[in-house]
Amino acid sequence: MPRSPNAPSPKAGPVTLAMVARRAGVSPQTVSNALNSPELLRSETLERVQRTIDEMGYRPHRAAQTLRTRSSKLIGYGIRPAPGNSAPVMDRFLHALSQAADEAGYRILLFASPPGNASLDGHEELIDLHSVDGFVLSGTDRGDPRQTWLAKRGIPFVGFGRMWSGRQIGDWADVDGASGTDAAVEHLVALGHRRIAFLGWPRGSGVGDDRAEGWQRAMRRHGLPVRGRRAQSLDDTSSARAAVAPLLDTGATAVIAASDMLAMGCYQALRERNAAPGKDVAVIGFDDSPTAALLSPGLSTVAQPLEAAGHECVRLLLARIAEPGAPPERVLLEPSLVVRDSTPAPGS
């Protein structure tokens, strides 16, 4: 991209606020107001200063802004190891979160946050250094100490996910997993399936129990049996392949899995029996991971609204920063069923 003819030579060093002020014919305070309090300036003055900033390629020094405003314009996000096939899903959420933050004039500051770290060292260090204005928490689960720890210190935060146990603390945005598996049952019932099984994670996982509850709710609404129709597995294909076997032995014509990874294990189990997923047994996953569309047959799955989740998390966090004493806000987002070739009618 060609450099502006009005921009200084790279050899001249970085553009300073004083240089912008001289070029625009205003005081340095006026340039500072244009950046931090534009409402204080007349429209023609603001336009002239902003045009000069663009022409000269001036970029405010973030540390200096922090000293003046006590705002770093940074949001802390702890990276935790993602289990199973959830890494691509969380990558999509992080991208959406970063985009929403950028649109609001913020940046996401990533740091390592090992699971089960009760000391919360990374969070404490960033707070002590005044490096972030607040935190977005993901991977929330039962016994998570982060919400209580941050709330006691008056640190703004928002959770991508509910707390799942005890008293709800703070703001959160989450995906309604139960609604997603409920919709999956409805789709299969409409196709004529009645023996619909659920392959989930071990009980005690907040997200996993939520997805199981939606399946169970829809099955009971249609008067369909759930006893003996649920199996538990770790989130890997080999465990899922073994766990789904009893469900297939009892004649399930369809399996709803709590993740796409579990659904892939179901594919493997069917092929070991010389049965065809998407022909002999319908399979539905959850998450709409990149792999889902590449499988043969393409995997029907529940897609999470990750872009909406990223935007909601930023909105809720900035609202909390602006009004620390406001009542907590919780947003439950509706997922959508993506239908592919793995869900035929029985016997088709």
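Residues numbered from 1 in each chain as written. Predicted model: local features only at pLDDT ≥ 70, side-chain atom pairs only at ≥ 80, totals over all residues. Heavy atoms only, no water.

Enquirer: I tried to follow unusual backbone geometry on my own but got confused; where do I start?
Expert: In this structure, the amide linkage connecting Ser296 to the following residue, Pro297, adopts the cis form with an omega of 0°. When you line up the elements, Pro297 lands in the loop between strand E9 (282-286) and strand E10 (300-303). One non-glycine residue, Lys73, adopts positive backbone phi at about 60°. Phi angles above zero are rare outside glycine, and Asp288 is one such case at about 50°. By secondary structure assignment, the location of Asp288 is in the loop between E9 and E10. (Helix = DSSP H or I, 4+ residues; strand = E, 2+ residues; numbered from the N terminus.)

Enquirer: Help me understand the packing of aromatic side chains in this model?
Expert: Describing an aromatic ring pair means giving the distance of the ring centres and the angle of the ring planes. All chains considered together, the criterion is met by 4 aromatic pairs. Their ring planes at 50° and their centres at 6.2 Å tell us that Tyr77 and Phe93 sit as a pair that is tilted. With a gap of 16 residues between them, Tyr77 in strand E1 (residues 74-79) and Phe93 in helix H5 (residues 87-103) connect regions that are remote in the sequence. Each member of the pair Tyr77 and Phe93 is classed as buried. Plain terms: the ring middles of Phe93 and Phe160 are 4.1 Å apart, the flat faces sit at 15° to each other, and that makes the pair stacked. Separated by 67 residues along the polypeptide, Phe93 in helix H5 and Phe160 in strand E4 (residues 157-160) bring together distant segments of the chain. For Phe160, a relative accessible area of 9% translates into the label buried. Counting every residue linked through ring pairs, the aromatic cluster contains Tyr77, Phe93 and Phe160. The side chain of Arg211 reaches across the aromatic face of Phe286, ending 3.7 Å from its centre. (Phe/Tyr/Trp six-rings, centres within 6.5 Å; stacked < 30°, edge-to-face > 60°. Buried < 20%, exposed > 50% of the residue type's maximum accessible area, 1.4 Å probe, protein only. Lys NZ or Arg CZ within 6 Å of the ring centre and 35° of its normal.)

Enquirer: I would appreciate a short explanation of the side chain of Ser72 in the present structure.
Expert: When you line up the elements, Ser72 lands in the loop between helix H4 (62-69) and E1. Within the structure, the side chain of Ser72 is placed 3.1 Å from the backbone nitrogen of Leu74, a separation counted as a polar contact. (Polar contact = N/O pair within 3.5 Å; in protein donor to acceptor, adjacent residues only side chain to side chain.)

Enquirer: So what exactly am I meant to see when it comes to the pairing of strand E6 (residues 196-200) here?
Expert: The two faces of a sheet get side chains in turn, since along a regular strand they alternate between them. With respect to burial, E6 is a largely interior element, 5 of its 5 residues being buried. Of the two faces of E6, both are covered, the one formed by Ile196, Phe198 and Gly200 as well as the one formed by Ala197 and Leu199. The pairing of E6 with strand E8 (residues 254-257) spans 4 bridges and is parallel. Bridge pairing links Leu199 to Ala257 in E8. The pairing of E6 with strand E7 (residues 230-232) spans 3 bridges and is parallel. Across the sheet, residue Phe198 finds its bridge partner in E7, namely Arg230. (Pairing = 2+ DSSP bridges.)

Enquirer: I tried to follow the pairing of strand E11 (residues 330-333) on my own but got confused; where do I start?
Expert: In E11, alternate side chains face the same way, and those of Val331 and Leu333 are buried while those of Arg330 and Leu332 on the opposite face are not. As defined by bridge partners, strand E5 (residues 171-175) adjoins E11 across 4 bridges and the pair is classed as parallel. Looking at E11, one finds that Trp172 is bridged to Arg330.

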